[in-house]
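Each chain, letter by letter, is given below.
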Amino acid sequence: MPRPPRKARADAPRPSATRDNSARTALLAAEAGLDKKASAIEIIDVTGKVDYADFLVLMTGSSDRHVAAIADSVEELLGRNGIQSISMEGRTIASWVLIDFVDIVVHVFQKEARAVYDLDGLWMDASRLPVPSTTDADS
């Protein structure tokens, strides 16, 4: 009986094309957040550090409705670009919404929840992708 395929290890090198696609997806998620006025957007490169994603995209909304609108915008924009999420958690309460796109995981927080879970601090040593500002998009 053949053995099931092994899951890739976190320290195994990923093909650069896969990582580049993940980076484009993360930037698209950040763009959706910017369109809905999300604040404190960070794209954290966790490639080779974890086995569940290449990038974490963190952003903050000012209220439960704002967080839900940001999350919906991210899912909609990525969906229009052929990138479907495999799950969305926390949408009904909307203090912290997690959207899993396989190679990237988007976290949309209210300010208080972001401070409590402190993913920024947890990954302080990880590199970041620069997030284009709204002025970059306007020029």
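Here the residue index of a chain counts from 1 through its sequence in written order. In keeping with the predicted nature of the model, local features appear solely for residues at pLDDT of at least 70, side-chain atom pairs appear and are counted solely at 80 or more, and the whole-chain, interface and lining totals rest on all residues. Excluded from the side-chain calculations are hydrogens and water; all other atoms, namely the structure's heavy atoms, are used.

Caption draft 1: A look at the overall build of the chain. Each helix corresponds to a stretch of at least 4 residues labelled H or I by DSSP, and each strand to a stretch of at least 2 residues labelled E; elements are numbered beginning at the N terminus. Check the secondary structure of the chain and you find 5 helices and 6 strands. Mapped in sequence order, the helices and strands of the chain form the string α-β-β-α-β-β-β-α-α-β-α. Summary of the burial criterion: residues with accessible area below 20% of their type's maximum are buried, those above 50% are exposed, and those between are partly exposed, where the area comes from a 1.4 Å probe applied to protein chains only. Of all 139 residues assigned to the chain, the portion counted as buried reaches 38%. In the chain, the share of contacts with a sequence separation of at least 24, taken over all contacts with a separation of at least 6, comes to 61%. Surface exposure here means Shrake-Rupley accessible area, sampled with a 1.4 Å probe, where a residue is shielded only by the protein chains that are shown. Here the chain displays about 8300 Å² of accessible surface, and carbon together with sulfur accounts for 54% of that area. What makes two residues a contact is simply this: any of their non-hydrogen atoms within 4.5 Å.

Caption draft 2: View of unusual backbone geometry. Backbone geometry places alanine 94, a non-glycine residue, at a positive phi of 60°. When you line up the elements, alanine 94 lands in the loop between β3 (87–89) and β4 (96–100). You can call alanine 94 buried: its relative accessible area is 2%.

Caption draft 3: Quick peek at the side chain of serine 73. When you line up the elements, serine 73 lands in helix α2 (residues 64–80). According to the relative accessible area criterion, serine 73 is buried, its value standing at 13%. If sequence neighbours within four positions are ignored, serine 73 has contacts with Ala32 and Lys36.

Caption draft 4: The sheet that holds strand β1 (residues 39–45), seen in detail. A pair of strands is treated as paired once DSSP finds two or more bridges between them. With mixed pairing, the 6 strands of this open sheet are ordered in space as β3-β4-β5-β2-β1-β6. Each end of this open sheet is capped by a strand with a single partner; those strands are β3 and β6 (128–129). Sheet topology places strand β2 (residues 55–61) next to strand β5 (residues 104–110); 7 bridges connect them, and they run parallel. For leucine 58, the partnering residue across the bridge sits in β5 and is histidine 107.

Caption draft 5: Spatial organisation of the nonpolar core. In terms of nonpolar packing, the biggest core is built from 27 residues, with Val57, Met59, Val74, Ile104, Val106 and Val108 touching the most fellow members. For this core, the secondary-structure elements that each account for two or more residues are α1 (16–35), β1, β2, α2, β4 and β5. Once you skip the residues sitting within four places of it in the chain, valine 106 turns out to touch Ala29, Val57, Met59, Val74, Val97, Leu98, Ile99 and Phe101. Here, nonpolar core means buried Ala, Val, Leu, Ile, Met, Phe, Trp, Tyr and Cys residues that are tied together by side-chain atoms lying within 4.5 Å of each other. Formed by 12 residues, the second largest nonpolar core is a distinct cluster that contains Ala53, Leu58, Val105 and Leu119.

Caption draft 6: Local environment of the pairing of β1. Direction of pairing for β1 relative to β2: antiparallel, over a ladder of 5 bridges. For isoleucine 44, the partnering residue across the bridge sits in β2 and is leucine 56.

Caption draft 7: Structural detail: the environment of glutamate 75. Positionally, glutamate 75 belongs in helix α2. Excluding its chain neighbours within four sequence positions, the residues that come into contact with glutamate 75 are Ser85, Met88 and Phe101.

Caption draft 8: Layout of α2. By this rule the span expected of a helix is its residue count minus one, scaled by 1.5 Å. The terminal C-alpha atoms of α2 lie 24 Å apart, and with 17 residues this matches the ideal 24 Å at 1.5 Å per residue to within 8%. Along α2, the residues classified as buried are His66, Val67, Ala68, Ile70, Ala71, Ser73, Val74, Leu77 and Leu78. Two residues or fewer past α2, glycine 82 is found with a positive phi of approximately 80°.

Caption draft 9: The arrangement of the pattern of salt bridges in detail. Salt bridge, as used here, is a side-chain nitrogen of Lys or Arg placed within 4 Å of a carboxyl oxygen of Asp or Glu. A complete count under the given rule lists 6 salt bridges for this structure. For arginine 114, the salt bridge is made with glutamate 42, and the minimal N-O distance between the two is 3.8 Å. In this pair, arginine 114 is assigned in helix α3 (residues 111–117) and glutamate 42 in strand β1, connecting sequence segments 72 residues apart. Look at glutamate 42 and you get partly exposed, because its relative accessible area is 22%.

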